[in-house]
Amino acid sequence: MASKLLLRCATSLVVRSYPGVIRAASTGSASPKSHDKPSTKATPVNMSGNNIDVTERVIIDHNDIKQAYEKLKTMSDGKDAEKWFNQLLWTIARHSAAEELVVYPLLEKTGKTGQQLADKSREDHQKTKEALAAMDGQPMTPELRRKIDTMMADLLEHIAMEEGPGGDLEVLRKGVNKDDLLSEGKSFEKWKLLVPTHAHPNAPDKPPFATVAGFMAAKVDKLRDLFRSFPDQSEVKSNKEQGKQQK
Ligand SMILES: [Fe+2]
Ligand SMILES: [Fe+2]
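Residues numbered from 1 in each chain as written. Chains lettered and ligands numbered in written order. Predicted model: local features only at pLDDT ≥ 70, side-chain atom pairs only at ≥ 80, totals over all residues.

Draft legend 1. Broad picture of the environment of S187. Examined against the element boundaries, S187 turns out to sit in helix α9 (residues 178-194). Using a count of 22 C-beta atoms within 10 Å as the deciding quantity, one classes S187 as buried. Spatially, the C-alpha atom of S187 lies 8.5 Å from that of V54, the residues being 133 residues apart in sequence. (Helix = DSSP H or I, 4+ residues; strand = E, 2+ residues; numbered from the N terminus. Buried ≥ 20, exposed ≤ 12 C-beta atoms within 10 Å, placed from the backbone.)

Right, dumping it as structure tokens:
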């Protein structure tokens, strides 16, 4: 409840300052550029994403993570590889934080199995956060590539567990009604605009403490992002389209 209240307060602040940001949230943001330069154009009706529930939004993010990683693997070391590495870290950090604030508390409400899955997921996230924090800002080298591959192997296993039979998403689909899944889907996207964009392994991972710590860290992270390079929106979009075609 505390996190819902904080989300309402934070959202109203963002809406007042950047009216386009919350509209953009309903379709998701592909790269930090859309945060820094929020669009003031209205989102077309068929792109509103209001019918995308939280389990579907989680899968969309998982696919974004996989596609950023696949792209990074095709790039030789250098600035382009670093751009996609930054994109990968940014995508994972926001996704993980939003899951901790929205998905895992919801999962816990479904019962004992949900509580156990949420605990296991938080444990997996902690491992990923520690790996990400150790790699963040490093230049692309063969050694860093090995670390990224190890971190991604663990993360892909976690993703498969979340999406697979008896996993987090299946338990949510069975235990939460569709209206709540849809409204939590909207919260999930809104939180992604407000959460930290880098890993913070020492920060709390449950609301309300995660919420407060996240706000403080998010400001610093967004400043850090200003000094990093990221792929353009068009590059991210075309990478997503390629990923869809290869499926
Ligand atoms: Fe997760
Ligand atoms: Fe996930």
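Moving on, there is more to tell.
Draft legend 2. Molecular detail of the confidence of the model for the chain. Confidence in the prediction of the chain, expressed as mean pLDDT, is 82, and 79% of residues score 70 or more. Mean pLDDT across the elements of the chain ranges from a minimum in helix α2 (residues 19-25), with 40, to a maximum in helix α8 (residues 168-175), with 98. Within the model, pLDDT remains below 50 along residues 11-28, and this stretch shows 36 contacts once partners closer than five positions in the same chain are excluded. In the model, residues 34-48 has pLDDT below 50 throughout and makes 23 contacts with residues more than four positions away in sequence or in other chains. (pLDDT = per-residue confidence, 0-100. Contact = placed C-beta atoms within 7 Å.)

Draft legend 3. Highlighting the nonpolar core. Ranked by internal contacts, the top residues of the largest apolar core, which has 44 residues, are L88, V102, V103 and L107. Element by element, the count of residues in this core is highest for helix α5 (residues 79-109), at 16 residues. The contact partners of L107, leaving out residues within four places of it in the chain, are G114, L117, A118, D168, V171 and L172. (Core = buried A, V, L, I, M, F, W, Y, C linked by C-beta atoms within 7 Å.)

Draft legend 4. Representation of the packing of α5 against α8. Between α5 and α8, the least distance of the axes is 10 Å, while the angle of their chain directions is 60°. Relative to α8, the element α5 lies oblique. For the crossing formed where α5 meets α8, the hand is left-handed. Contact with α5, carried on its side by V103, L106 and L107, involves D168, V171 and L172 of α8 and no other residues of that element. (Axes fitted to C-alpha atoms, helices over the stretch in contact; angles between N-to-C directions. Parallel < 35°, antiparallel > 145°, perpendicular 65-115°, else oblique. Left-handed = near helix turned anticlockwise from the far one by under 90°.)

Draft legend 5. Local environment of the packing of helix α4 (residues 54-74) against α9. Following both chains from N to C, one finds α4 and α9 inclined at 40°, their axes separated by 7 Å at the closest point. When the axes of α4 and α9 are compared, the pair comes out oblique. Between α4, through V54, T55, E56 and R57, and α9, the contact on the second element is made entirely by L181, E184, G185, F188 and E189. Tallied by class, residues from the contact of α4 with α9 come to three nonpolar, two polar and four charged. (Nonpolar A, V, L, I, M, F, W, Y, C, P; charged D, E, K, R; others polar.)

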